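Residue-level structural notes
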Amino acid sequence: MKYRKIGIIGAGLIGRSIYREVARSRAAEIAYVLVSGKKAASERDVEGVDPALLVSDLDEAMARPVDLVLEAAHADVLAAVAPRVLKSADLCGFSCSALARPEVERAVDESCRANGTQFFLPHGAILGLDGFVDGRDSIEDVTITTTKSAAGLGLETGVSGVVFEGSAREACRKFPRNVNVHAAIAIAGIGFDRTKSIVVAKPGTDEMRHRIQVSGQGFAWDFSVASHSLGGVTGAYTPKSAAGSVRRILASSGIVNS
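Computed from a predicted model, the values in this text were never measured in an experiment.

On to the side chain of serine 197. With respect to the element layout, serine 197 can be found in strand β9 (residues 195–201). Separated by 2.7 Å, the side chains of serine 197 and histidine 182 make a polar contact. When sequence neighbours within four positions are dropped, the list of residues in contact with serine 197 reads Ile144, Phe164, Glu165, Gly166, Ser167, Ala168, Ala171 and His182.

Within the open sheet, the 6 strands sit side by side as β3-β2-β1-β4-β5-β6. Their pairing is parallel. Strands with a single pairing partner mark the edges of an open sheet, and in this sheet they are β3 (54–55) and β6 (119–120). Pairing of strand β2 (residues 29–34) with β3, which is carried by 2 bridges, proceeds in the parallel orientation. Residue pairing for β3: valine 33 is matched across the bridge by leucine 54. On top of the sheet, helix α4 (residues 75–85) reaches β1 (5–9), β4 (68–71), β5 (90–93) and β6; it is set at about 165° to β5, its chief contact.

Turning our attention to unusual backbone geometry. Trans is the common state for peptide bonds, and a negative phi is the common state for residues other than glycine. We note that arginine 26 has phi near 55°; this positive angle belongs to a residue other than glycine. Residue arginine 26 is classed as exposed on the basis of its relative accessible area of 74%.

A separate point is the packing of helix α1 (residues 13–25) against helix α9 (residues 238–250). Where α1 contacts α9, the two axes come as close as 8 Å, and the packing angle between them is 40°. Between α1 and α9, the angle is such that the two are oblique. Seen along the crossing, α1 lies across α9 with a hand that is right-handed. For the pair α1 and α9, contact is made by Leu13, Ile14, Ser17, Ile18, Glu21, Val22 and Arg24 and by Thr238, Pro239, Lys240, Ala242, Ala243, Val246, Arg247 and Leu250, respectively. For the contact of α1 with α9, a count of residues per class yields 9 nonpolar, 2 polar and 4 charged.

Further remarks concern the sheet that holds strand β7 (residues 139–148). Ordered by their spatial adjacency, 5 strands build an open sheet running β8-β9-β7-β10-β11, and the pairing between neighbours is mixed. Only two strands of the sheet have a single neighbouring strand rather than two, namely β8 (161–167) and β11 (219–228). Put simply, the sheet's adjacent strands are angled 10° from each other on average, direction ignored. The strands touched by helix α8 (residues 180–188) are β7, β9 and β10 (207–216); relative to β7, the strand with the most contacts, the crossing angle is about 170°.

Before going further, it helps to spend a moment on the packing of aromatic side chains. Evaluated as defined, the whole model comprises 2 aromatic pairs. Relative to tryptophan 221, the ring of phenylalanine 132 has its centre 5.3 Å away and its plane inclined at 85°; by these criteria the two rings are edge-to-face. You can see phenylalanine 132 sitting in helix α6 (residues 129–135) and its partner tryptophan 221 sitting in strand β11, a full 89 residues away along the chain. For phenylalanine 132, a relative accessible area of 0% translates into the label buried. The partly exposed category is assigned to tryptophan 221, whose relative accessible area is 26%.

Conventions we followed
Residues numbered from 1 in each chain as written. Predicted model: local features only at pLDDT ≥ 70, side-chain atom pairs only at ≥ 80, totals over all residues. Heavy atoms only, no water. Helix = DSSP H or I, 4+ residues; strand = E, 2+ residues; numbered from the N terminus. Polar contact = N/O pair within 3.5 Å; in protein donor to acceptor, adjacent residues only side chain to side chain. Contact = heavy atoms within 4.5 Å. Pairing = 2+ DSSP bridges. Axes fitted to C-alpha atoms, helices over the stretch in contact; angles between N-to-C directions. Buried < 20%, exposed > 50% of the residue type's maximum accessible area, 1.4 Å probe, protein only. Parallel < 35°, antiparallel > 145°, perpendicular 65-115°, else oblique. Left-handed = near helix turned anticlockwise from the far one by under 90°. Nonpolar A, V, L, I, M, F, W, Y, C, P; charged D, E, K, R; others polar. Phe/Tyr/Trp six-rings, centres within 6.5 Å; stacked < 30°, edge-to-face > 60°.

Right under this line is the structure:
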C-alpha cells in the first residue's frame, strides 16, 4: 500500500466528503484534519469528524508524518502549504486555482522534481480531464463559460450578465473560489494564458453550470455540466467527485500534474 497515512486540509462540504470516504474505506489512516480555529470550535462545521483528529495549527499538522495530503480549503491555503507538503508527501489540491499564480505553479513543480513527490489534479465539478491531457498537443482553443447566481460568485444580488471575460489566469485571480474548473482544465490542457474564461451571473438560479468548448486539429468538443448549489460555491456533484478522486488516488491511479 503506497499511502498509509493521510492528512486532510479543510472540513467544509468537500473536506467532510473526503473524510467520510477515507474513514469508510479504511484504505489509509487519517493523521489529522486541519481547520481554522473558528471552525475547530464549531461542532456544526465539523460534524462527523473525529474531534481527536482536528488540528487548527499548521505547524502541529505538518509535524505529523503522512504520505499524502488532501487539500479542500481555499486557494490561499493551498498556495501557502503546497511547497512545504511536497517536501515529504504527495498532494492533491482541490483549490487548484492557486496554481494560476506563477510563483505557486513554479514552487509546486520544483518541489515535486526535487523531492520525487506528486501533485494530483482532481477533476472537481467537471469531467474529462484525461481528454485534455491526451490531446493537449493538438488542442488549439478552449473556452469555459461558468454561470452561477451573483451571490454564488460573491457579487451583489442584482448583478446580471457577463461579469468577466479573459484568460483563465485572470479569472482565477478575480474569482479564486469559483473557477477551480477553469484552473483544472487549464492545467490539464493548454495552460492558463491560452484558456479563455467567461463568467456569467444569472439572477434567481440555484444551478452551477460549466460549458466547455474545445477545438483542435481535426476535432471539436462542446459539452456542459451542471449541479444544484449546496450553498456557497459547491455544487451537488462535487463532493461525490472528490470522494471518487480520493478512491482512485489511494488505489494509485489518477491524473498527475507533476
